[in-house]
Amino acid sequence: MNKLPLTFWVHFSDNEYARKMMLCDMAANGAEHICLSEGMINKIISDPPVADKLLKEVAECNLSYVDSHAPFGNSLDLNNPYPEDFAILALRHQMHIKIAAYMNVDTITMHVGNNQFCPEIPLNKHIERMERLLDAILPEAEKNKVTVALENCWTPTNTPDVLVHLVEKFSTEYLGLCYDSGHANIMDHGRYHGEGNATWYWRNAGMEMMPAWEDAALEKMLPHIVNCHLHDNTGMGDRHDLPGTGNLDWDKIVRLLKTAPRLRVIQSEVAYTRYGMPMKTLVEKFKTLFA
């Protein structure tokens, strides 16, 4: 495994001064790359000159963008259940891809969507909607040389089996997967938490059975992983904690990721500002993990 860029997801601030302070702090403590977040992309859409401003700000701190995350939510996800939204939604995701390319990024993570908002729609119909939207946006990804990475979550619509099916349906190098360690742990150790995220979502998705617990998410996704969102939890909920503070097996995760043939970037998705964690602690932890 060649040395891959280590990138950090950060909470986007509309306050320019606060944003610059955060970027300077990151650089001073050893960070070199950051993720072009969903918040940043939304801001660029609403105020296009922000794109060049963000490029300038990171360059001034000797940082760079190397990966990105598309805006997400019930109306934006690939399984959007409203047929009247399709044309605009396709254009919106094509715009996300173009923005990523403009910002010198070659991977963009997307959510395929959950189904607890519309449990009356069968799973196969959700998958058909994902396929239809991917069919509309992948030509734009190929044109801009930006790989779309589909992220695992903890609902029936975004299990490793569903995501692998989607990647294998489209014969293009510009579609892959984003392995989210915290989400995978919810679908593994969540079985020990009766009212955890997984159980709540599956129940509200109209599923009569318990969640389809999965202890081999990484192994199933491994051949197609182009990005990874790494953070910890106990399986109860999506806390975005520092690796080593939950119950994930980090030795196994790192060992397997080092064999992922398509992996391009390692991303910290630890919500360090939420817990008042020093940036130095976060950078040193990830550099130690992948030493």
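Below: a short report on this structure. Just so it is clear, the structure is predicted and the values come from calculations on it, not from any experiment.

Rules behind the numbers
Per chain, residues are indexed from 1 in the order of the written sequence. With pLDDT at 70 or above as the cut-off, local features in this predicted model cover only qualifying residues; side-chain atom pairs require 80 or more to be listed or tallied, and sums for whole chains, interfaces and linings still use all residues. Only hydrogens and water are set aside; all other atoms, that is, all heavy atoms of the structure, feed into the side-chain values. Segments assigned H or I by DSSP are reported as helices when at least four residues long, segments assigned E as strands when at least two residues long, and all are numbered from the N terminus. The span expected for a helix works out to 1.5 Å for each residue beyond the first. Contact definition: two residues touch when any of their heavy atoms are within 4.5 Å. Only protein chains enter the accessibility calculation, which uses a 1.4 Å probe; a residue is then buried when its area is under 20% of its type maximum, exposed when over 50%, and partly exposed in between. Arc definition: it is the arc formed by the directions from the helix axis to the C-beta atoms. Any Lys or Arg side-chain nitrogen located within 4 Å of an Asp or Glu carboxyl oxygen qualifies as a salt bridge. We define the nonpolar core as a collection of buried residues of types Ala, Val, Leu, Ile, Met, Phe, Trp, Tyr and Cys that are connected through side-chain atoms lying within 4.5 Å of one another. Axes here mean lines fitted to C-alpha atoms, for a helix over just the part in contact, with angles spanning 0 to 180 degrees between N-to-C directions. An angle below 35 degrees is read as roughly parallel, one above 145 as roughly antiparallel, one from 65 to 115 as roughly perpendicular, and any other as oblique. Two helices that cross are described as forming a left-handed crossing if the nearer one is turned anticlockwise from the farther one by less than a right angle, and a right-handed crossing if clockwise. Under the convention adopted here, Pro, Cys and the residues Ala, Val, Leu, Ile, Met, Phe, Trp and Tyr are nonpolar, Asp, Glu, Lys and Arg are charged, and Gly plus all remaining residues are polar. Here the term cavity refers to a set of points on a 1 Å grid, laid over the protein atoms alone, in which a 1.4 Å probe fits but cannot get out; the term pocket refers to an open set having protein on both sides within 12 Å along at least five of seven lines, with lining residues being those that place an atom within 4 Å of a point. Grid points are joined across faces, edges and corners, and a volume is the space filled by probe spheres set on the points. When DSSP locates at least two bridges between a pair of strands, those strands are taken to pair. Clockwise travel from the first strand over the helix to the second, with the strands pointing away from the viewer, marks a crossover as right-handed.

All right, on to helix α4 (residues 86-102) then. Over its 17 residues, α4 extends 24 Å from the first C-alpha to the last, a length consistent with the 24 Å expected when each residue adds 1.5 Å. Each element contacted by the buried residues of α4 is listed here: β2 (33-36), α2 (38-46), β3 (64-69), β4 (107-111), α5 (123-144) and β5 (147-151).

A separate point is helix α3 (residues 50-60). The complete set of buried residues in α3 reads Val50, Ala51, Leu54, Glu57 and Val58. Looking down the long axis of α3, one finds its buried residues gathered within 130° of arc, a one-sided arrangement. Away from its buried face by more than 90 degrees, α3 exposes Lys56 and Glu60. Buried positions along α3 lie against α1 (16-28), β2, α2, β3 and α4. Of the residues trailing α3, Asn62 is marked for its positive phi of about 60°.

All chains considered together, the criterion is met by 12 salt bridges. Where Glu16 meets Lys53, a salt bridge forms, and the shortest distance between an N and an O atom there is 3.5 Å. Here Glu16, found in helix α1, pairs with Lys53, found in helix α3; they are 37 residues apart in sequence, far enough to count as distant. Among the ionic pairs, Glu57 bridges to Arg19, the shortest N-O distance being 2.8 Å. In this pair, Glu57 sits in helix α3 while Arg19 sits in helix α1, placing the two residues 38 residues apart along the sequence. Overall, Glu57 belongs to the buried group, its relative accessible area being 3%. In the salt-bridge network here, residues are joined through shared partners; they are Glu16, Lys20 and Lys53.

For the rest of this paragraph, the subject is unusual backbone geometry. Despite not being glycine, Lys145 shows a phi value in the positive range, around 55°. For His240, which is not glycine, the phi dihedral falls at a positive 60°. If you trace the backbone, His240 turns up in the loop between β7 (225-230) and α10 (250-257). Taking the relative accessible area as the measure of exposure, His240 reaches 13% and is therefore buried.

Here we take up the nonpolar core. Counting 79 residues, the largest nonpolar core has Leu150, Tyr179 and Leu257 as the members making the most contacts within it. For this core, the element with the highest residue contribution is α5, accounting for seven residues. Formed by seven residues, the second largest nonpolar core is a distinct cluster that contains Cys153, Ala198, Tyr201 and Trp202.

The next subject is the packing of α4 against α5. Between α4 and α5, the shortest axis-to-axis distance is 9 Å and the interhelical angle comes to 25°. In terms of orientation, α4 and α5 fall into the roughly parallel class. For α4 against α5, the interelement crossing comes out right-handed. Counting all contacts with α4, which are made through Phe86, Leu89, Ala90, His93, Gln94, Ile97, Lys98 and Ala101, the residues of α5 involved are Arg132, Leu133, Ala136, Ile137, Glu140, Ala141 and Asn144. Split by residue class, the contact of α4 with α5 holds nine nonpolar, three polar and three charged.

The next thing to look at is empty space enclosed by the protein. Enumeration according to the criterion identifies one cavity of 30 Å³ or more in this entry. Taken as a whole, the largest cavity encloses approximately 40 Å³ of empty space. Lining of the largest cavity is provided by Val10, His11, Phe12, Ser13, Arg19, Met22, Leu23 and Met40. At three residues, α1 tops the list of elements feeding residues into the lining of the largest cavity. Broken down by class, the residue content of the lining of the largest cavity amounts to five nonpolar, two polar and one charged.

Turning our eyes to something else, we now look at the pairing of β4. With respect to burial, β4 is a largely interior element, five of its five residues being buried. Here β4 shows no split at all, with Thr107, Thr109 and His111 on one side and Ile108 and Met110 on the other all buried. The pairing of β4 with β5 spans five bridges and is parallel. Within β5, the residue paired with Met110 across the bridge is Leu150. The parallel pair β4 and β5 is bridged by α5, and the resulting crossover is right-handed.

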